[in-house]
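Summary of structural features
The primary structure of each chain is shown beneath.
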Amino acid sequence: MTQKNNQINARQSKQIAGALALASCGLFATSGHATELSKKADDWKVDAALMYYGEQDRVQAVEAIGTAQKAFGDDSVLDLKLVVDSLTGASASGAVAQSSSQTFTRPSGNGQYSVAAGDTPLDDTFHDTRVQANVGWSEVLTPDWKLNVGAYGSKEFDYMSMGLNASIERGFNKDNTTLFLGTAYSFDVVDPVGGRPVDLSSMAVRDNFASEEAYRSAFDATRQSGSDNKQTADVMLGITQVLSQRWLLQANYGLSSVNGYLTDPYKVLSVVDNNGITQDLLYESRPDSRLKHSFYVMTKGALDAGVVDFSYRYNTDDWDLKSHTLETHYRYYFTGNFYGQLHLRYYQQTAANFYQPFLMADTPLPEFASADYRIGDMSAYTIGIKFGHRLSGGHEMSYRLEYYQQDPKNNGTTIPGELQNFDLFPTQKAITAQFSYSF
């Protein structure tokens, strides 16, 4: 939202410090506006946004977002949020390209699709609609203590998620220092189309069977009955320090423990021989637990005609997946009612210890394996611009456009035979466009 003054006085410092603490702890805050506690008792603040996300020749998404905030005096704020999105398009299955066409079974087991020679195998039947609702409450307990609580629920065709979160903030040093402690718990139910595949079982393809009965029997043998679930528990510790009238610094540490069904039921791996020719297709397998650590530091300052921030995040986990993120936003006010904002982000990660772009036929099967490029070696960057202007009556309108490029890399695997002729790690490109209106 547009900053009302170029100088940060003592009252604004307290509000910004709280906002930053919540903004970087997205698991624990249901809305980025939750700390604006100076509104009048009867005020409602409503934001509406429509976002489009499109990958080149892959997933397309349209998302509608609505948030509403009501202040009760100077000490309490209610936040509500509703998100509805629709996803369509093609997603990478994990299989490798071949010099001849390939046939794959659809996740439901009803039907199959073919991929042309030399093409990266994509399942073009990806389609889903998700609805998510959030509610949050912020309460100033004393001049130095503040409590935030929230809950959310999300439902899509094959996935349901529910969660609770709570955090406490303590101000010191005339509110120039704020300590933050937050926790969250979520429970997810996974019910894949066609059932959960048996880990590292072979894909049954109808063309390889003499009868429909034989095929259905082979397909059913690769499925586990019923849904499964996973639980996530998070804890975050943070500190925000006002450095001067114009600058503040924030740092936090997060710990996340995930247990349960972590395998992607729609991903497969190709098993190839020494010539790079596919001999089999196996459903992936991942560990059933994951412990993640995150470290984050950010500084934000008010300039004479704008606002700028710089941040760095480091993530690591017991899957040996490590990542670094550098990000900056620079907002410049052309006038008191019109601004432009530049967004730059760079991301780099190393592969999980069980990531393999394919398996070799002459090698014993590992306990865990996945060819999902999202957990492989990669780098990515985002370049974005945003423009916003304030209208009469306190309304605000903004437009955002971003370009994203992801560059997967080989994690050191030797590429056999004909696979050397194909791009096994293709670059992914995407565009995000968003229109927002606040009143």
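Quick summary incoming for the structure in this document. (Residues numbered from 1 in each chain as written. Predicted model: local features only at pLDDT ≥ 70, side-chain atom pairs only at ≥ 80, totals over all residues. Heavy atoms only, no water.)

Side note on the environment of leucine 365
Relative to the assigned elements, leucine 365 resides in the loop between strand S20 (359-360) and strand S21 (378-390). Along the chain, leucine 365 and valine 271 lie 94 residues apart, while their C-alpha atoms are 9.9 Å from each other. Ignoring sequence-local partners within four residues, the contact set of leucine 365 consists of Leu200, Leu282 and Leu359. (Helix = DSSP H or I, 4+ residues; strand = E, 2+ residues; numbered from the N terminus. Contact = heavy atoms within 4.5 Å.)

Focus: the pairing of strand S8 (residues 159-172)
Pairing between strand S7 (residues 145-156) and S8: twelve bridges, direction antiparallel. Bridge assignment links serine 154 to a residue of S8, and that residue is serine 161. Linkage of S7 to S8, two consecutive antiparallel strands, is achieved through a turn of two residues. Relative to strand S9 (residues 177-190), S8 is paired through 14 bridges, and the arrangement is antiparallel. Its bridge partner lying in S9, asparagine 165 is registered against alanine 184. (Pairing = 2+ DSSP bridges.)

Quick word on the nonpolar core
Among the nonpolar cores identified, the biggest contains 18 residues, and Val96, Ala352, Phe358, Ile375, Leu419 and Leu424 are the most heavily contacted of them. Setting aside its immediate chain neighbours within four residues, alanine 352 contacts Trp319, Leu321 and Ile375. Core analysis: the next-biggest nonpolar cluster, separate from the first, contains nine residues, Phe104, Tyr113, Val115 and Val268 among them. (Core = buried A, V, L, I, M, F, W, Y, C linked by side-chain atoms within 4.5 Å. Buried < 20%, exposed > 50% of the residue type's maximum accessible area, 1.4 Å probe, protein only.)

Observations regarding the packing of aromatic side chains
According to the stated counting rule, one finds 15 aromatic pairs in the structure shown. Geometrically, the ring pair formed by tyrosine 437 and phenylalanine 439 is tilted, given 5.9 Å between the ring centres and 45 degrees between the ring planes. Among the aromatic residues, ring-to-ring pairing joins Tyr330, Tyr332, Phe334, Phe338 and Phe387 into one connected group. Across from the ring centre of tyrosine 283, 4.7 Å away, lies the NZ or CZ of arginine 223, which sits over that ring. (Phe/Tyr/Trp six-rings, centres within 6.5 Å; stacked < 30°, edge-to-face > 60°. Lys NZ or Arg CZ within 6 Å of the ring centre and 35° of its normal.)

Quick word on the side chain of glutamine 341
Position of glutamine 341 relative to the elements: it lies in strand S19 (residues 338-349). Taking relative accessible area as the criterion, glutamine 341 reaches 15% and is therefore assigned buried. A polar side-chain atom of glutamine 341 sits 2.9 Å from a polar atom in the side chain of arginine 331. When near neighbours in sequence (up to four residues on either side) are disregarded, glutamine 341 contacts His329, Tyr330, Arg331, Gly384, Ile385 and Lys386. (Polar contact = N/O pair within 3.5 Å; in protein donor to acceptor, adjacent residues only side chain to side chain.)

Quick notes on the sheet that holds strand S14 (residues 268-272)
Overall, mixed pairing links the three strands, which are arranged S15-S14-S20 in an open sheet. Edge strands, defined here as strands with exactly one partner in the open sheet, are strand S15 (278-283) and S20.

Examining the pairing of S15
Alignment of S14 against S15, held across five bridges, turns out to be antiparallel. Bridge pairing in S15 links leucine 269 to leucine 282. Here S14 folds back onto S15, and the loop between the two strands holds five residues, one of which, glycine 276, carries a positive phi near 80 degrees.

A closer look at the pattern of salt bridges
For the structure on display, the rule yields 14 salt bridges. Residue aspartate 228 is joined to arginine 196 by a salt bridge in which the shortest nitrogen-to-oxygen separation is 3.4 Å. Separated by 32 residues along the polypeptide, aspartate 228 in strand S12 (residues 228-242) and arginine 196 in strand S10 (residues 196-197) bring together distant segments of the chain. Given a relative accessible area of 25%, aspartate 228 falls into the partly exposed group. Judged by its relative accessible area of 8%, arginine 196 is buried. A salt bridge links arginine 216 to aspartate 220, with the shortest nitrogen-to-oxygen separation between them at 3.9 Å. Here arginine 216 pairs with aspartate 220, and both are found in helix H2 (residues 212-221), just four residues apart, close to one helical turn. Note on aspartate 220: relative accessible area 46%, which makes it partly exposed. By sharing partners, the salt bridges in this structure join Asp264, Glu284, Arg286, Asp372 and Arg374 into a single network. (Salt bridge = Lys/Arg side-chain N within 4 Å of Asp/Glu carboxyl O.)

Topic: empty space enclosed by the protein
According to the stated counting rule, one finds two cavities of 30 Å³ or more in the structure shown. Looking at the largest cavity, it is lined by 17 residues, and the ones nearest its centre are Ala95, Thr120, Ala371, Leu424 and Pro426. Residues that form the lining of the largest cavity fall into these classes: twelve nonpolar, three polar and two charged. (1 Å grid on protein atoms, 1.4 Å probe; cavity = no way out; pocket = protein on both sides within 12 Å on 5 of 7 lines; lining within 4 Å. Points joined across faces, edges and corners; volume = space filled by probe spheres on them. Nonpolar A, V, L, I, M, F, W, Y, C, P; charged D, E, K, R; others polar.)

A few points about unusual backbone geometry
Phi at asparagine 173 is positive, roughly 55 degrees, even though this residue is not glycine. Considering the arrangement of structural elements, one finds asparagine 173 in the loop between S8 and S9. Here the phi dihedral of aspartate 320 falls at roughly 65 degrees; this positive angle occurs in a residue that is not glycine. Within the secondary structure, aspartate 320 sits in the loop between strand S17 (306-317) and strand S18 (323-335). Accessibility expressed as a relative area gives 39% for aspartate 320, which makes it partly exposed.

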